[in-house]
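What follows is each chain in one-letter form.
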Amino acid sequence: MDYASAYLRETRAFGELIRTADQTAPVPTCPGWTIEQLFRHVGRGDRWAAQIVRDRMDSFLDFRSVEAGKPPPDLDDAVSWLNGGAQRLVDAVELTGVQTPVWTFLGPRPANWWIRRRLHENAVHRADAAIALGADFALDPEVAADGIEEFMERIAIRAGADGGELPIEGDDSVHLHATDPGLDSAGEWTIRLDEGAITWAHEHGKGTVALRGPATELLLTMTRRVPIGNTGIALFGDESVWQRWLDRTPL
């Protein structure tokens, strides 16, 4: 996947959705936020990541230190600010070097890690905006499937940290099957617990609980943006295992 192109495209789509929106509209999937706050969060986040990469930082950057971290008051100018921040990150990765290690909240990672992270951050927040505004939302199935994978990678690293409960217990397993044409094994995951660590394999299986549906709907359900009952996803097996997964993974 060309992550940089997908990231820029997704950011532009987010901006166009916001451009004509009521900026004071509440965002139910981000409690306490308005569309304006969601927009500022996304735009500043891109510039935050760009500055980390550009400066080859090895420690956390305070959000208050982000250069040009506030959008201009004019909405058209603000959308240009948003798109400029995404381009700033792509340019920073190219100049710094895709494999150059920089700070991330998961420990040092290659600079281009940030482009993939911001792609999926912005995609899910575009879903937040679409839900708030009653707009349609769709992702390229390949992007949605990679979003599921990236989400699970972060869960696998952070699960159980600081004494937190693991989202899978004992011999339970979760199977996800994205039904979009062309994904094949990249659209199937069987998630298990192996010696206290979350692991998964791209394989067909039943699982203690199994979900089958389009990759976009699986991603939005997994990230608790849309209840499974509001999707076309078919659930098989022990629903309590899926509920435990949702309860113990981040928003």
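Note that the coordinates shown come from a computational prediction; the quantities given were computed from them, not determined experimentally. (Residues numbered from 1 in each chain as written. Predicted model: local features only at pLDDT ≥ 70, side-chain atom pairs only at ≥ 80, totals over all residues. Heavy atoms only, no water.)

Remarks on the nonpolar core
In step 1: Membership of the largest hydrophobic core comes to 58 residues, with the highest contact counts inside it found for Leu-89, Trp-114, Leu-176, Ile-191, Met-222 and Trp-242.
In step 2: The greatest single-element share of this core, amounting to eight residues, is contributed by helix H4 (residues 113-133).
In step 3: Two domains each provide a minimum of three residues to this core, namely domain 1 (3-137) and domain 2 (142-248).
In step 4: Setting aside anything within four residues of it in sequence, one finds Ile-191 in contact with Met-152, Ile-168, Asp-172, Ser-173, Val-174, Leu-176, Ile-198, Thr-199, Trp-200, Met-222 and Trp-245.
In step 5: If you look at the next biggest cluster of nonpolar residues, it comprises 14 residues, including Ala-25, Val-27, Trp-81 and Ala-129. (Core = buried A, V, L, I, M, F, W, Y, C linked by side-chain atoms within 4.5 Å. Buried < 20%, exposed > 50% of the residue type's maximum accessible area, 1.4 Å probe, protein only. Helix = DSSP H or I, 4+ residues; strand = E, 2+ residues; numbered from the N terminus. Domains from an automatic or database assignment. Contact = heavy atoms within 4.5 Å.)

Remarks on the UniProt feature "domain: Mycothiol-dependent maleylpyruvate isomerase metal-binding" (unreviewed entry) in the chain
In step 1: UniProt annotation of "domain: Mycothiol-dependent maleylpyruvate isomerase metal-binding" (unreviewed entry) refers to residues 8-130 when read in the numbering used here.
In step 2: Summarising residues 8-130: 59% helix, 3% strand, and an end-to-end C-alpha distance of 18 Å. (UniProt positions renumbered as here; feature names shortened; annotations may be inferred.)

Quick look at the packing of helix H5 (residues 141-158) against helix H6 (residues 215-222)
In step 1: Put simply, H5 and H6 touch, their axes get as near as 8 Å, and they point 30 degrees apart. As the angle between them shows, H5 and H6 are arranged roughly parallel. In the crossing of H5 with H6, the sense of the turn from one axis to the other is left-handed. Between H5, through Pro-141, Ala-144, Ala-145, Gly-147, Ile-148, Phe-151 and Met-152, and H6, the contact on the second element is made entirely by Ala-215, Thr-216, Leu-218, Leu-219 and Met-222.
In step 2: Taken together, the residues of the contact of H5 with H6 break down into ten nonpolar, two polar and no charged. (Axes fitted to C-alpha atoms, helices over the stretch in contact; angles between N-to-C directions. Parallel < 35°, antiparallel > 145°, perpendicular 65-115°, else oblique. Left-handed = near helix turned anticlockwise from the far one by under 90°. Nonpolar A, V, L, I, M, F, W, Y, C, P; charged D, E, K, R; others polar.)

Remarks on the environment of Trp-103
In step 1: Structurally, Trp-103 is set in the loop between strand S1 (101-102) and strand S2 (109-110).
In step 2: C-alpha separation for the pair Trp-103 and Ser-240, spaced 137 residues apart in sequence, amounts to 37 Å.
In step 3: Those residues within four positions of Trp-103 in sequence are excluded, and the remaining contacts are Trp-48, Ile-52, Met-57, Asp-58, Ser-59, Phe-60 and Trp-114.

Focus: the packing of aromatic side chains
In step 1: All chains considered together, the criterion is met by twelve aromatic pairs.
In step 2: A ring pair is formed by Trp-48 and Phe-63, whose centres lie 4.8 Å apart and whose planes are at 40 degrees; its orientation type is tilted. With a gap of 15 residues between them, Trp-48 in helix H2 (residues 35-54) and Phe-63 in the loop between H2 and helix H3 (75-96) connect regions that are remote in the sequence.
In step 3: Residue classification places Phe-63 among the partly exposed positions, given a relative accessible area of 38%.
In step 4: Taken together, a centroid distance of 4.9 Å and an interplanar angle of 85 degrees make the contact between Trp-113 and Trp-114 edge-to-face. (Phe/Tyr/Trp six-rings, centres within 6.5 Å; stacked < 30°, edge-to-face > 60°.)

So, the domain arrangement of the chain
For interface size, the figure often reported is the accessible area lost on association.
In step 1: Examined at the domain level, the chain breaks down into domain 1 (3-137) and domain 2 (142-248).
In step 2: For domain 1 versus domain 2, the separation of C-alpha centres amounts to 25 Å.
In step 3: Counting from both sides, the interface comprises 17 residues of domain 1 and, opposite them, 15 residues of domain 2.
In step 4: Overall, the association of domain 1 and domain 2 removes approximately 1300 Å² of surface from exposure, summing both partners, and the carbon and sulfur fraction of that is 63%. (Buried area = accessible area lost by both parts, 1.4 Å probe.)

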